[in-house]
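# Structure at a glance
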Amino acid sequence: MNLDLQNKILHCLKNGTQLAWLIDITRQQIWVWQADDLPNIFSGADILPSLGEIPPLTVNAIMGMTGRH
């Protein structure tokens, strides 16, 4: 996992960002940060947390969108 990206995510969370996803295509996982919580790791058919009116998305759906699954 790229520590530079994680540091940027933490900076954003400290400055008001409510939700961050870090997509790990190699491991087919998505790391999710919400507010001050530690990250949760989602994979496969797990439904990802989202904000607002975004329809439910799974990790598999996101990986399909990348075209590199």
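Just so we're clear, the structure is a prediction, and the values are computed from it rather than from any experiment.

So, about the nonpolar core. Grouped together as the largest cluster of nonpolar side chains are eight residues: Leu-19, Ile-30, Val-32, Phe-42, Leu-48, Val-59, Ile-62 and Met-63. Here this core gets three residues from one element, more than from any other, and that element is helix 2 (residues 59-66). The contacts of Val-59, once residues within four sequence positions are left out, are Gln-28, Gln-29, Ile-30, Phe-42, Ser-43, Gly-44, Asp-46 and Leu-48. The next biggest cluster of nonpolar side chains, apart from the first, holds six residues, and it includes Leu-13, Leu-22, Trp-31 and Trp-33.

Our focus in this paragraph is the confidence of the model for the protein. For the protein, the mean per-residue pLDDT works out to 91, and 96% of the residues sit at or above 70. By mean pLDDT, helix 1 (residues 3-14) is the weakest element of the protein at 90, and strand 3 (residues 40-43) is the strongest at 97.

Further remarks concern the sheet that holds strand 3. Taking strand neighbours across the sheet as the criterion, the three strands line up as 1-2-3 in an open arrangement whose pairing is antiparallel. Two strands lie at the open edges of the sheet, namely strand 1 (19-24) and strand 3, each paired on one side alone. Pairs of neighbouring strands in the sheet enclose a mean axial angle of 25°, with direction left out of account. Where strand 2 (residues 29-34) lies against strand 3, four bridges are found, and the strand directions are antiparallel. Paired with Ile-30 across the two strands is Phe-42, which belongs to strand 3. Here helix 2 sits on the sheet in contact with strand 1, strand 2 and strand 3, set at roughly 115° to strand 2.

Reading the values: the criteria
Residues numbered from 1 in each chain as written. Predicted model: local features only at pLDDT ≥ 70, side-chain atom pairs only at ≥ 80, totals over all residues. Heavy atoms only, no water. Core = buried A, V, L, I, M, F, W, Y, C linked by side-chain atoms within 4.5 Å. Buried < 20%, exposed > 50% of the residue type's maximum accessible area, 1.4 Å probe, protein only. Helix = DSSP H or I, 4+ residues; strand = E, 2+ residues; numbered from the N terminus. Contact = heavy atoms within 4.5 Å. pLDDT = per-residue confidence, 0-100. Pairing = 2+ DSSP bridges. Axes fitted to C-alpha atoms, helices over the stretch in contact; angles between N-to-C directions.

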